[in-house]
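What follows is each chain in one-letter form.
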Amino acid sequence: MNSWLAVSNAGAGSSDETVIQEALGALRHAADVEHVATKDPDHLARTLAEHPDVDLVVAMGGDGSLHAVVQALHDAGRLPGTAVGLVPLGTGNDFARTLELDEDPVSAARDLAAGVERDIDLIVDDHDVVVVNAAHVGIGAEAAARAEPVKWALGPLAYVLGALSTLFTRSADVHVTIDDRTLSGHIAQVAVGNGRFVGGGGELLPHAVIDDGLMDVAVAFAARVPQRIAYALHLRRGTHPDADFVHYTRATSVKVVGDAVRCTTDGELTEMRTEHAWNVTPGGLRMRLPKTGASA
């Protein structure tokens, strides 16, 4: 029988624990499954090192949990040899939306148990950080940074206020090299990714395909406040790829050089840097996915 390792967050609440146990029961119809609730990235790395011969590692959580598992396997040099599965338990579940996984974790676990393995693309940045779903620099990342100090008190309103405040700040002046073409100017946002959604369902890269060997790229130029407001409205409607100030394409490599900007990678905020770069590895991640839906 196949040997699988299921990894969840040790900080999960009692309601999540009940769902996790039910999902594990569904997975055990297909394999011998060991479950470990990890506390932090170091604990996750040790757990994976203690299970070098498993056939599949199942991330039980959201985009952050999936990112952590893929990053740990990448750091250990185990990709694409070790397959990865996902049972969505997070609040955003953006990459699960792209894969069209069932929103119910137990049903998703049943689909995973009956699924098949498939190679999809993986993006890696210039600091050897993987991008499973999407990364972006500009107003989205800055809004997240401004929301962080007050998120505990204001909840989702903190991000709304952070986003509004970025509309009236100076846009970053950068050079964006997409494969062999360079675009220059003041940007509202540069986004790259293999998934379509961010922020709990917003279609940042609506044309992304998980296994076309390319990453989707959206560069929004916005030197003035009205353009930034227009970009926000286009984003909300999902029409930004057709806006005349947005360059939307696909590429194998992207580099952003210029004013220091923050980056959000699979929902995690990084420090401000004057250079960000990404390259796609076709077929760099093997996932076990349902036999039907967009992932089939």
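Our subject is the structure that appears above.
Residues numbered from 1 in each chain as written. Predicted model: local features only at pLDDT ≥ 70, side-chain atom pairs only at ≥ 80, totals over all residues. Heavy atoms only, no water.

**Focus on empty space enclosed by the protein**
Where we set the bar: Note on definitions: the grid is 1 Å and covers protein atoms alone; a cavity is a set of points where a 1.4 Å probe fits but cannot get out; a pocket is an open set with protein on both sides within 12 Å along at least five of seven lines; lining residues have an atom within 4 Å of a point. Grid points are joined across faces, edges and corners, and a volume is the space filled by probe spheres set on the points. Think of it this way: any DSSP run of H or I at least four residues long counts as a helix, any run of E at least two long counts as a strand, and we number them from the N terminus. Three residue categories are used. Nonpolar comprises Ala, Val, Leu, Ile, Met, Phe, Trp, Tyr, Cys and Pro, charged comprises Asp, Glu, Lys and Arg, and polar comprises the others, including Gly.
Here the structure, examined in full by the defined rule, presents one cavity of 30 Å³ or more. As for the largest cavity, its lining consists of Leu86, Leu99, Leu101, Ala108, Leu112, Met287, Arg288, Leu289 and Pro290. Take the lining of the largest cavity: its biggest share by element is three residues, from strand β17 (residues 273–289). Looking at the lining of the largest cavity residue by residue, the classes come out as eight nonpolar, no polar and one charged.

**With respect to the layout of surface pockets**
Looking at the second largest pocket, its volume works out to about 620 Å³. Along the wall of the second largest pocket there are 27 residues; nearest its centre are Asn9, Thr38, Gly64, Ser65 and Ala68. Listing elements by their share of the lining of the second largest pocket, those giving two or more residues are β1 (3–9), α1 (14–27), α2 (41–49), β3 (56–61) and α3 (63–75). Broken down by element, the lining of the second largest pocket gets its largest block of residues, eight residues, from α3. In terms of residue class, the lining of the second largest pocket is built from 12 nonpolar, 11 polar and four charged.

**Let's talk about a negative patch on the surface**
As a reminder, the rule being used: Put simply, a patch holds well-exposed residues, over 30% relative accessible area, that have no salt bridge, with like charges counted together within 9 Å and Val, Leu, Ile, Met, Phe, Trp or Tyr side chains within 5 Å. We get accessible surface area from the Shrake-Rupley algorithm with a probe of 1.4 Å; when it comes to residues, only the shown protein chains can shield them. Salt bridge, as applied in this entry: a Lys or Arg side-chain nitrogen positioned within 4 Å of an Asp or Glu carboxyl oxygen. Within this scheme the basic residues Lys and Arg register as positive and the acidic residues Asp and Glu register as negative, but His and the chain ends are omitted. For this purpose, a charge sits on NZ of Lys, CZ of Arg, CG of Asp or CD of Glu.
Together, Glu22, Asp102, Glu103, Asp104 and Asp111 give the surface a local cluster of negative charge. Locating aspartate 111 in the fold gives a position in helix α5 (residues 105–113).

**Description of the nonpolar core**
For clarity, the threshold we go by: Only buried residues count toward a nonpolar core. Its members are Ala, Val, Leu, Ile, Met, Phe, Trp, Tyr and Cys residues joined through side-chain atoms within 4.5 Å. The buried label applies to any residue whose accessible area, calculated with a 1.4 Å probe on protein chains only, is under 20% of its type's maximum; exposed applies above 50%, and partly exposed to all values in between. Note on definitions: a residue-residue contact is assigned when non-hydrogen atoms from the two residues lie within 4.5 Å.
Leu66, Val70, Phe95, Leu122, Val132, Leu285 and Met287 are the most contacted members of the largest nonpolar core, which has 29 residues in total. Secondary-structure elements contributing two or more residues to this core are β1, α2, β3, α3, β4 (83–88), α4 (94–99), β5 (116–125) and β17. For this core, the element with the highest residue contribution is α3, accounting for five residues. Residues within four places of leucine 122 in sequence aside, it is in contact with Val70, Leu79, Val130, Val131, Val132, Asn279, Val280, Thr281, Gly284 and Leu285.

**Topic: the environment of methionine 215**
Mapping methionine 215 onto the fold places it in strand β12 (residues 215–221). Take methionine 215: its relative accessible area is 0%, and that puts it in the buried class. Measuring from C-alpha to C-alpha, the distance between methionine 215 and alanine 134 comes to 9.2 Å, with 81 residues separating the pair along the chain.

**Digging into helix α9 (residues 225–237)**
Quick reminder of the rule: Here the expected span of a helix is defined as 1.5 Å times the quantity of residues minus one. For this quantity, the arc is that covered by the directions from the helix axis to the C-beta atoms.
Relative to the 18 Å expected for 13 residues at 1.5 Å per residue, α9 spans 19 Å between its end C-alpha atoms, a close match to the ideal helical length. The complete set of buried residues in α9 reads Gln227, Arg228, Tyr231 and His234. For α9, the angular spread of buried residues about the axis comes to 120°, placing them on one side. Of the residues in α9, the exposed ones pointing more than 90 degrees away from the buried face are Pro226, Arg236 and Arg237.

**Comments concerning unusual backbone geometry**
Cis peptide bonds are those with omega within 30 degrees of zero, and the linkage from leucine 79 to proline 80 qualifies with 0°. Examined against the element boundaries, proline 80 turns out to sit in the loop between α3 and β4. The residue asparagine 93 is not glycine, and still its phi comes out positive at about 50°. Positionally, asparagine 93 belongs in the loop between β4 and α4. Phi at aspartate 266 is positive, roughly 50°, even though this residue is not glycine. Tracing the backbone shows aspartate 266 in the loop between β15 (263–265) and β16 (268–269).

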